[in-house]
Amino acid sequence: MSTPTLTELASKKCVPCEGGVPPLPPDEVEALIQTVSGWSLTADGKRIRREWKAKNFVAGLRFFDKVGELAEEEGHHPDLHIEGYRNVAVEIWTHAVGGLTENDFILAAKINEVPIEQKRS
Ligand SMILES: C[C@H](O)[C@H](O)[C@H]1CNC2=NC(N)=NC(=O)C2=N1
């Protein structure tokens, strides 16, 4: 597989996933995770995760609202976490295969384009 660039991933569309396909093999996951800046693989290798420090609670929720719209458009949905009122995390995996597929990386690339008001570090 030739690894798509971030731009190529962001211009793709998630495909409906009814399962029956294997998760991506580790070498392809490794290549793709390098492409989606800011995202990392969870310890179990089954999800990708990115964290942000939002300006405040409402900024985090506004970000989630935009991510929610995107997820509905893509038909592929992340897990959203907000803790300590401004610590925002998004995790993505393909439920239908219990692991990672290209859909997850397409969504991650698109989430990278969603604005979030961040705390000045
Ligand atoms: C038919 C439709 O593609 C499925 O129900 C979608 C909905 N959103 C989804 N989101 C994620 N993350 N994984 C899935 O397997 C999934 N399946």
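Preceding block: the structure.
Owing to the predicted nature of the structure, the values given are computational and were not obtained by experimental measurement.

The rules behind the values
- Residues numbered from 1 in each chain as written.
- Predicted model: local features only at pLDDT ≥ 70, side-chain atom pairs only at ≥ 80, totals over all residues.
- Heavy atoms only, no water.
- Patch = residues over 30% accessible without salt bridge, like charges linked within 9 Å, V, L, I, M, F, W, Y side chains within 5 Å.
- Areas by Shrake-Rupley, 256 points an atom, 1.4 Å probe, with all protein chains shown as cover.
- Salt bridge = Lys/Arg side-chain N within 4 Å of Asp/Glu carboxyl O.
- Helix = DSSP H or I, 4+ residues; strand = E, 2+ residues; numbered from the N terminus.
- Buried < 20%, exposed > 50% of the residue type's maximum accessible area, 1.4 Å probe, protein only.
- Axes fitted to C-alpha atoms, helices over the stretch in contact; angles between N-to-C directions.
- Parallel < 35°, antiparallel > 145°, perpendicular 65-115°, else oblique.
- Left-handed = near helix turned anticlockwise from the far one by under 90°.
- Contact = heavy atoms within 4.5 Å.

Caption draft 1: Focus on a nonpolar patch on the surface. On the surface, Phe57, Leu61 and Tyr85 cluster together to form a nonpolar patch covering roughly 300 Å² of accessible area. By secondary structure assignment, the location of Tyr85 is in the loop between strand S3 (79–83) and strand S4 (87–92). Relative accessible area serves as the criterion here: at 48%, Tyr85 is assigned to the partly exposed category.

Caption draft 2: Structural view of the packing of helix H3 (residues 57–74) against helix H4 (residues 102–111). It is the contact of H3 with H4, at a shortest axis distance of 11 Å, that shows an interaxial angle of 140°. What the angle tells us is that H3 and H4 run oblique. The handedness of the crossing between H3 and H4 is right-handed. On H4, the residues touching Phe63, Val67, Leu70, Ala71 and Glu74 of H3 are Ile106, Leu107, Lys110 and Ile111.

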